[in-house]
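Chain and residue survey
Now for the letters of each chain:
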Amino acid sequence: MRILSGIQPSGALHLGNYFGMMRPAIELQDQGEAFYFIADYHSMTSLSDAAQRRRNTQDVALDFLACGLDPKKCVFFRQSDVSEVTELAWILSTVTPMGLLERCHSYKDKKAKLADDDLDRVNHGLFAYPVLMAADILLYDSNVVPVGRDQKQHVEVTRDIALKFNNLYGQTFVVPEPRIRDEVAVVPGSDGQKMSKSYGNTVEIFAEEKPIRKKVMSLLMDSRTPQEPKPDAEKNTAIQLLKLVAPAEVAADFEARLRAGGLGYGDLKKGLFAHYWNYFAAARARRAELAANLDYVNQVLREGAQKARVQATRTLKRARQACGLE
Ligand code: ADP
Ligand code: TRP
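Below is a summary of the structure that appears in this document. Worth saying up front: this structure is predicted, and the values here are computed from it rather than measured.

**Side note on empty space enclosed by the protein**
In the structure shown here, the tally under the stated rule is one cavity of 30 Å³ or more. In this model, the largest cavity occupies a volume close to 40 Å³. Along the walls of the largest cavity sit Leu-15, Val-203, Val-216, Leu-219, Leu-241, Val-245 and Leu-272, which together make up its complete lining.

Spelled out as structure tokens, the structure:
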């Protein structure tokens, strides 16, 4: 099994990223050959601050390694260190119907959001984003792609592109499958919507204690009194997050108390904060060690890129031969 996934360096990573993508990816590193990368080319579609991209890229590397990504078990690299992917993206773009990209939710959402204030930011890269993502996946002959639910359509686009190319030029690419964990497919943010950097409703994996405590304490709740029973307790955002970071019996106990009435939202959030803080304690310590040893982190990425390039070169050659460039 060849596993591959990527994450953009577009801001501090949060619980949605962790439970939706990072933890599944980390668990899969024991089950096959895993390739994980920092999608810095992709981040260019929405972020145009060079210094910030550099900083974010380093932060993602630190976050991922601190959370348990093991460079001895997987290949961890920066997307742009293997620039072969851009050539494959071009090749794939010539077999990608415009309509396929026009239907992508992620593009349509971003376009709708940008359209009001700045139409110029709806750039070609944003539109072509899924083609580059297809190149990422196909370049490494990946069959399993662990992602959150919002990326499912992009993996389906990749499948369509691979089939189209194989059909036109002969069997060349492995057709991949998304791997989505139902229980963490959509982690809710502080306002109850999907947690996302672009909605400003995130709870970061790593942050200073005081501001993150404040964030957790200000999770949006309704105005029912503590005494009122809450028959919909399982829908409460704090309960949903608690289920991720606390032992099952602890989360079940909080949920039962909320359902019965008598548990105030303040106490629920305090409980959530304590478990969240504790859940990442070991990772936080590891992150501090790594941050003091950036040479090691850079070396991991350099060695990852070398290994990734071996595979990338092989697949690119196969694709070039298939379509008559060689
Ligand atoms: P964001 O929405 O914050 O910009 P990304 O789009 O960069 O996050 O997502 C990176 C990875 O994390 C993807 O695999 C995505 O599916 C996953 N992910 C992001 N937010 C969530 C969430 N709220 N629940 C589950 N998975 C998520
Ligand atoms: N589009 C993904 C995201 O925003 C990041 C990504 C880029 C990716 N290339 C990929 C994920 C290939 C999986 C496989 O989260």
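More follows now that the structure is in view.
**Section: the packing of helix H10 (residues 237–245) against helix H11 (residues 248–260)**
One way to put it is that H10 packs onto H11 with a least axis distance of 9 Å and a crossing angle of 165 degrees. Taken together, H10 and H11 sit at an angle that is classed as roughly antiparallel. In the crossing of H10 with H11, the sense of the turn from one axis to the other is left-handed. Here Ile-239, Leu-242 and Lys-243 of H10 lie close against H11, whose contacting residues are Ala-251, Phe-254, Glu-255 and Leu-258.

**Here we look at unusual backbone geometry**
Positive phi, close to 45 degrees, is recorded for Asp-141, a residue that is not glycine. Along the chain, the position of Asp-141 falls in the loop between helix H7 (124–139) and strand E4 (144–146). For Asp-141, a relative accessible area of 15% puts it in the buried group.

**A short note on the site of ligand 2**
Taken together, 14 residues surround ligand 2, and among them Gln-8, Tyr-129, Met-133, Asp-136 and Gln-151 come closest. Tyr-129 is positioned with one of its side-chain polar atoms (N or O) 2.7 Å from a nitrogen atom of ligand 2. The contact in question runs from a nitrogen atom of ligand 2 to an N or O atom on the side chain of Asp-136, over 2.7 Å. If ligand 2 stood free it would expose 370 Å²; the protein chains cover 91% of that surface. If you map ligand 2 onto the pockets, it falls in the largest pocket. Those elements that provide at least two residues to the shell around ligand 2 are strand E1 (2–7) and H7. In terms of residue count, H7 provides more of the shell around ligand 2 than any other element does, four residues in total. The residue makeup of the shell around ligand 2, split by class, is eight nonpolar, five polar and one charged.

**Some points on the site of ligand 1**
In the vicinity of ligand 1 lie 18 residues, with His-14, Asp-150, Val-187, Ser-196 and Lys-197 positioned nearest. Residue Val-187 places a main-chain N or O atom 2.7 Å away from a nitrogen atom belonging to ligand 1. A distance of 2.7 Å separates an oxygen atom of ligand 1 from a polar atom in the side chain of Ser-196. Burial of ligand 1 by the protein chains amounts to 92% of its free accessible area of 530 Å². Judged by the fraction of its atoms near the pocket grid, ligand 1 is located in the largest pocket. Element by element, the count of residues in the shell around ligand 1 is highest for helix H1 (residues 15–28), at four residues. Grouping the amino acids of the shell around ligand 1 by side-chain chemistry returns eight nonpolar, seven polar and three charged.

**Quick look at the pairing of strand E2 (residues 33–38)**
By the criterion of burial, E2 is predominantly enclosed, with five of the six residues buried. Note that E1 and E2 share six bridges and pair parallel. By the bridge assignment for E2, Gly-6 is matched with Phe-37. Pairing of E2 with strand E3 (residues 74–78) involves five bridges; the strand directions are parallel.

**A short note on the pattern of salt bridges**
In the structure shown here, the tally under the stated rule is 24 salt bridges. When the shortest N-O distance is used, the salt bridge between Arg-287 and Asp-63 registers 2.5 Å. Remark: Asp-63 occurs in helix H3 (residues 50–66) and Arg-287 occurs in helix H13 (residues 281–291); sequence separation between them is 224 residues. No difference in accessibility class separates Arg-287 from Asp-63, as the two residues are buried. With a closest N to O distance of 2.5 Å, Arg-320 and Glu-87 form a salt bridge. Of this pair, Arg-320 sits in helix H14 (residues 294–322) while Glu-87 sits in helix H4 (residues 84–93), placing them 233 residues apart in sequence. What makes Arg-320 partly exposed here is its relative accessible area of 24%.

Conventions we followed
- Residues numbered from 1 in each chain as written.
- Chains lettered and ligands numbered in written order.
- Predicted model: local features only at pLDDT ≥ 70, side-chain atom pairs only at ≥ 80, totals over all residues.
- Heavy atoms only, no water.
- 1 Å grid on protein atoms, 1.4 Å probe; cavity = no way out; pocket = protein on both sides within 12 Å on 5 of 7 lines; lining within 4 Å.
- Points joined across faces, edges and corners; volume = space filled by probe spheres on them.
- Axes fitted to C-alpha atoms, helices over the stretch in contact; angles between N-to-C directions.
- Helix = DSSP H or I, 4+ residues; strand = E, 2+ residues; numbered from the N terminus.
- Parallel < 35°, antiparallel > 145°, perpendicular 65-115°, else oblique.
- Left-handed = near helix turned anticlockwise from the far one by under 90°.
- Contact = heavy atoms within 4.5 Å.
- Buried < 20%, exposed > 50% of the residue type's maximum accessible area, 1.4 Å probe, protein only.
- Near = heavy atom within 4 Å.
- Polar contact = N/O pair within 3.5 Å; in protein donor to acceptor, adjacent residues only side chain to side chain.
- Areas by Shrake-Rupley, 256 points an atom, 1.4 Å probe, with all protein chains shown as cover.
- Sits in = over half its atoms within 2 Å of the grid points.
- Nonpolar A, V, L, I, M, F, W, Y, C, P; charged D, E, K, R; others polar.
- Pairing = 2+ DSSP bridges.
- Salt bridge = Lys/Arg side-chain N within 4 Å of Asp/Glu carboxyl O.

Geometric descriptors of this kind do not, in isolation, establish any biological role.
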